[in-house]
Amino acid sequence: TEMNRHRMFVVNDLASQRLLLDRRLVSAILNLHSIPTPRSLIVSKDGLPSSPINSILPGAPPEIDSILVNGAEVTKPFVEKPANGENHNIHIYYHSKDGGGSRRLFRKVNNQSSEGHPMVSTIRNRERESYIYEEFVKTNLAVASKATTGKPMQKDLKIYTVGESYAHAEARKSPEVDGKVERLPDGREVRHIVRLTEQEQSIASSIVRCFKQRVCGFDVLRASKGDSYVCDVNGWSFVKGNDQYYDKCGELLTEMFVKETQKIKEKFPPESAPLSDNWKLRGLVSVFRHADRTPKQKVKIKMTNPNILGLFSRADKEVKMKSDKNQKELSNLLDIIVTILNAPLDAQ
């Protein structure tokens, strides 16, 4: 590859990123490096080994509150995750003593992140789909919320690293609670900055090393007994809307690049150094792509027309216009746009 041929410095190792696409491989690497994870069973149907070995998942009737695989058992509540890291359709199954049923988690759609299915207690058993079954971990990241009338609720901990020595952590309302996403007036999800424990700081450093991902996001469950468990590793991730984080991120990345530049200078004698003191950087060309996700189809436009600005009556409230819910507002907006387009240029 070009990376190997030119001996480039890479922030995140490209080959290791492929490992993140399979939750079984992620789990194996975490266990290999003694990074705590929830107790789990793995059932593979594509040739990769299961855990325990040669596992075949039996169909579990709704009245059964556990699954037994080759002598190993996981009791409800447990989390059922597809082995495919790109599949975010994760199910949680509840014990019959707690009412049974299940909750289905998925990528956020508007303000929804999960759906409850009180009558569905049967696990998935698709012919070619492999699964991981994890014990459900109750967290102690309980933060009072208006959405729950002041009652504490289950929180997820999102951690973002920049190198081995820095990690930023935020807590958010877990999709497991009720599936409703808490948002700020500007549309961003509500998150609370959290101080990491010593164990979590050590976990963050270990993940950067073992996955060779300097800029890396991962999810942690801080259990009620005090221990923390890694439940997902996402790879290249940044914090949204936090200037302090970006300042620190820029500072640390600059440090990394300067150190690597010094190594090149030390490796080559002055007369043949590729970065001679006589050389000057004339420009920097960067190509960025949106990983393997489809970018959101968004267009941001700065508006000054008073008729359009008048549609936003409150500066602290997000305005949404959708064809199935806001037909009157959309019709009004269309009339305004037609009027603007028909007006002389100097009046627009």
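Above: the structure in question.
Definitions and cut-offs
Residues numbered from 1 in each chain as written. Predicted model: local features only at pLDDT ≥ 70, side-chain atom pairs only at ≥ 80, totals over all residues. Heavy atoms only, no water. Helix = DSSP H or I, 4+ residues; strand = E, 2+ residues; numbered from the N terminus. Phe/Tyr/Trp six-rings, centres within 6.5 Å; stacked < 30°, edge-to-face > 60°. Buried < 20%, exposed > 50% of the residue type's maximum accessible area, 1.4 Å probe, protein only. Pairing = 2+ DSSP bridges. Axes fitted to C-alpha atoms, helices over the stretch in contact; angles between N-to-C directions. Left-handed = near helix turned anticlockwise from the far one by under 90°. Contact = heavy atoms within 4.5 Å. Nonpolar A, V, L, I, M, F, W, Y, C, P; charged D, E, K, R; others polar.

With an omega dihedral of 5°, the bond running from K76 to P77 counts as a cis peptide bond. On the secondary structure map, P77 appears in the loop between β3 (72–75) and β4 (78–82). Of note, S34 is a non-glycine position whose phi angle comes to about 55°, a positive value. With respect to the element layout, S34 can be found in the loop between α3 (23–32) and β1 (40–43).

Taken as a whole and judged by the stated rule, the model has nine aromatic pairs. Measuring from ring centre to ring centre gives 5.2 Å for Y245 and Y246, while their planes differ by 80°; the resulting arrangement is edge-to-face. Residue class for Y246 comes out partly exposed when judged on its relative accessible area of 39%. Grouping aromatic residues by their ring pairs yields a cluster made of Y166, W236, F238, Y245 and Y246.

Read from one edge to the other, the open sheet built from six strands follows the order β1-β8-β4-β5-β6-β7, with strand pairing classed as antiparallel. Each edge of the sheet is formed by a strand with only one pairing partner; in this case those strands are β1 and β7 (112–117). Between one strand axis and the next, the sheet turns by 20° as a mean value, whatever way the strands run. Pairing between β4 and strand β8 (residues 131–135): five bridges, direction antiparallel.

Okay, the packing of α3 against helix α4 (residues 198–211) next. The interhelical angle for the contact between α3 and α4, taken along N-to-C directions, is 115°, at an axis separation of 11 Å. The element α3 and its partner α4 pack so that their crossing is right-handed. For the pair α3 and α4, contact is made by V26, I29 and L30 and by I207, C210 and F211, respectively. Tallied by class, residues from the contact of α3 with α4 come to six nonpolar, no polar and no charged.

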